[in-house]
Structures are given as structure tokens and as C-alpha cells.
Amino acid sequence: MMTYKNIKFIKKNNEDIFDLEINEGVPFLVFKDLKKYVNLGFSTKFGGVSEGNFDSMNLGLKRGDDIERVKKNFEIFLSSLKMKKENLYISNQTHSTNIKIVRQKDKKNFLYMPENPIDGLITSEKDIILATFYADCVPLIFVDKNKTCIGLSHAGWRGTVGKIASKTIEKMIKFFKVNPKNLLVGIGPSICMKCYEIGADLVEKINKNFPKSQYKNILFFFDNKWHLDLWELNKLILLESGILEENIITTNICTFENSEYLFSHRKSPTKHGNMGAFLSLK
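In this report, the structure presented in the accompanying data block is examined. Please read all numbers here as calculations on a predicted model, not as lab measurements.

1. Thoughts on the packing of helix H3 (residues 164–176) against helix H5 (residues 230–240)
Here comes step 1: Interaxial distance between H3 and H5 falls to 8 Å at its minimum, and their mutual angle equals 30 degrees. As far as their axial angle goes, H5 and H3 are roughly parallel. Judged by the sense of rotation from one axis to the other, the crossing of H3 with H5 is right-handed. For the pair H3 and H5, contact is made by Ala165, Ser166 and Ile169 and by Asn234, Ile237 and Leu238, respectively.
Here comes step 2: Residues that form the contact of H3 with H5 fall into these classes: four nonpolar, two polar and no charged.

2. Notes on the sheet that holds strand S7 (residues 129–134)
Here comes step 1: Pairing in this open sheet of six strands is mixed, and the strands run S1-S2-S3-S15-S7-S4 from one edge to the other. At either end of the open sheet lies a strand with only one pairing partner, and these are strand S1 (18–23) and strand S4 (88–90). Mean inter-strand twist for the sheet, computed between neighbouring axes without regard to direction, equals 30 degrees.
Here comes step 2: In terms of strand pairing, S4 meets S7 through three bridges, oriented parallel. Bridge pairing links Tyr89 to Leu130 in S7.
Here comes step 3: With respect to the sheet, helix H1 (residues 67–80) is in contact with S1, strand S2 (26–31), strand S3 (38–43), S4, S7 and strand S15 (275–281), its orientation differing from that of S2 by roughly 55 degrees.

3. Regarding the sheet that holds strand S13 (residues 225–228)
Sheets are built from strands that pair by backbone hydrogen bonding, the pairs being arranged parallel or antiparallel.
Here comes step 1: Strand order in the open sheet made by the three strands is S11-S13-S12, with antiparallel pairing throughout. Each edge of the sheet is formed by a strand with only one pairing partner; in this case those strands are strand S11 (197–198) and strand S12 (219–222).
Here comes step 2: For S11 and S13, the ladder comprises two bridges, and the chain directions are antiparallel. Across the sheet, Glu197 pairs through a bridge with His227, a residue of S13.

4. Things to note about the layout of surface pockets
Here comes step 1: Size it by volume and the largest pocket reaches roughly 610 Å³.
Here comes step 2: Only S7, helix H2 (157–161) and S11 provide two or more residues apiece to the lining of the largest pocket.
Here comes step 3: Along the lines of polarity and charge, the residues of the lining of the largest pocket split into 15 nonpolar, 11 polar and six charged.

5. Structural notes on empty space enclosed by the protein
Here comes step 1: Enumeration according to the criterion identifies two cavities of 30 Å³ or more in this entry.
Here comes step 2: Considering only enclosed or pocket space, the largest cavity measures out at about 70 Å³ in volume.
Here comes step 3: Surrounding the largest cavity, 13 residues form its lining, Phe31, Leu40, Gly41, Phe42 and Ile141 being those nearest its centre.
Here comes step 4: The residue inventory of the lining of the largest cavity, partitioned by class, reads 12 nonpolar, one polar and no charged.
Here comes step 5: Looking at the second largest cavity, its volume works out to about 30 Å³.
Here comes step 6: In terms of lining, the second largest cavity is formed by Leu88, Tyr89, Lys107, Lys108, Asn109, Leu111 and Tyr112.
Here comes step 7: Of the residues that constitute the lining of the second largest cavity, the class distribution is four nonpolar, one polar and two charged.

6. A few points about the packing of aromatic side chains
Here comes step 1: Under the counting rule described, the total for this entry stands at 13 aromatic pairs.
Here comes step 2: Between Phe74 and Phe278, the ring centres sit 6.2 Å apart and the planes meet at 65 degrees, which makes this aromatic pair edge-to-face. Of this pair, Phe74 sits in helix H1 while Phe278 is found in strand S15, placing the two residues 204 residues apart along the sequence.
Here comes step 3: The class for Phe74 is buried, based on a relative accessible area of 0%.
Here comes step 4: Residue Phe278 is classed as buried on the basis of its relative accessible area, which comes to 1%.
Here comes step 5: Taken together, the ring pairs in this structure connect Phe28, Phe74, Phe77, Phe110, Phe133 and Phe278 into an aromatic cluster.
Here comes step 6: Over the ring of Phe110 we find Lys85, and its NZ or CZ is 4.9 Å from the ring centre.
Here comes step 7: Above the ring of Phe256, the side-chain terminus of Lys267 is found at 4.9 Å from the ring centroid.

Thresholds applied
Residues numbered from 1 in each chain as written. Predicted model: local features only at pLDDT ≥ 70, side-chain atom pairs only at ≥ 80, totals over all residues. Heavy atoms only, no water. Axes fitted to C-alpha atoms, helices over the stretch in contact; angles between N-to-C directions. Helix = DSSP H or I, 4+ residues; strand = E, 2+ residues; numbered from the N terminus. Parallel < 35°, antiparallel > 145°, perpendicular 65-115°, else oblique. Left-handed = near helix turned anticlockwise from the far one by under 90°. Contact = heavy atoms within 4.5 Å. Nonpolar A, V, L, I, M, F, W, Y, C, P; charged D, E, K, R; others polar. Pairing = 2+ DSSP bridges. 1 Å grid on protein atoms, 1.4 Å probe; cavity = no way out; pocket = protein on both sides within 12 Å on 5 of 7 lines; lining within 4 Å. Points joined across faces, edges and corners; volume = space filled by probe spheres on them. Phe/Tyr/Trp six-rings, centres within 6.5 Å; stacked < 30°, edge-to-face > 60°. Buried < 20%, exposed > 50% of the residue type's maximum accessible area, 1.4 Å probe, protein only. Lys NZ or Arg CZ within 6 Å of the ring centre and 35° of its normal.

By themselves, these are just geometric observations and shouldn't be taken as functional.
Shown next, in the form of C-alpha cells:
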């Protein structure tokens, strides 16, 4: 039986980007360069109570898992991060580019899900925990080094093509006067270019929206398939939005290649769970 004690990630390079931390028997990933500014954690498959294809730390409320087990998983994971469940605010992800500024008045009951589609969350308040969910899509983690605000955005191909990264930054600038040069952005564990095959219709959208003169090294053709590099495309969008290259931290962990430890939509032949990214100001 696979347990967190056996975790040994396949990495795209040898960069020391993440700490694998374990608390109360629950493992989670933390960006090394972000942890001094914020409280954060990215879950793995391990440490929860879900069963079957959702084994075990499923944090997806809309995946078909037993809802009481999912609630318990949230409680366990938040406890492992030393976060209070009453401070949690979660997204209602539909692959939109809608972004919400989260304030005290928005918090309701535990695991309250907003009615409107929301794929990005921003807050400036210390006692709010933001959470978004993944199983191959790209987590984008925004941290102002001056600790004025934070953001989390969910970027699948639709969100990426819709430039949710730049829209999140624009909203942080508008509402909190953030200087993009002071923003650190983590591109979290997600599917890599090698594993992300796409069809001709998406290739057409990419070529239409992202001129090759500006957006190089995002589309590749090999093994008779087109492949899209979501990591690189999001990085280019961040650079275009004024983020300094040295302030962008790109994952070296692919969810598809590490499906023993992380949920992967493309690797799972049937129903599967979701990981969660949790973030709060210190």
C-alpha cells in the first residue's frame, strides 16, 4: 500500500522548489520561496478518509464523493496546516476568468460555495483562508512581498487562454495598489507539456490569441500530437503583466507523471479526487 512515507516525486529538474512537509500524518507541498511571507499548503492524495477512486485526501466537493468524507478531509487538512475552518473561503470553479475580492462579510458557513462561478480569489485580510482545487490544471499563487494581499487562481487551458493570470494582477493593482514588481507568483504542480496533448481546435485558438513572435515555446508537435506548455504560457502572460522573471517560481512537478501521489484528471480512467491549494496572510 502506498503511503506518504513512500513519496518520491518524479521531477522535471533538480531545482529545490518545494518542501514536502508532514504534520499530523498529513503531507503537503510548500513553495520554499513563499513560506516566509504566507501560510500555504498544496495537498497530495494522502492523509484523508475518502475511499475507492477518491482515496484518500479528496478535496473536491463536486466529484461525486461522499460529502461527509470530503468535509472530514477539509477538517483534517486545515488542522494539519494549523488553519481555522471558520476562516475558509473556497472557489466555485467552472474554468471561468471571474475573480472575487474576499472580505469578512463574504464568509458564511463552513464550505460555503459562492453561487456565481469564481476561479480566482484575492484578499487583503489576515484571517481569511483562500482555497482553490486542482487535478492537472495550473495553480497560480500570488504573494505581495509587502504582505498587503494574496491571490489564488485556477488556470486550465480556458483560464490560461483567457489570461486569468493577468486579470488577477490587474485586480490586485486596482483594489490594493500593488506594484507588480513586488509580486511573487508560484506556478504550482500541474500537467507538464510532455503529457498535455491537445487537439487542432485548441491549437487554432492558441495561434489566434498568442502571436508566435511574442509567445515562443508554448506549442510543440511530436508523436503525431500537439502539446501545449501551460507552465510556459502562464509565465509569459505573467511577464507581460509586469511580473519580474526572478519573481516567478515554476513548478517542476507534473501531476500526470506523479499520479501515484497527486490526482490527475488525464491519468485517471474513472472518477477521481481533487487536490487543494490553501493560502493565507501571516
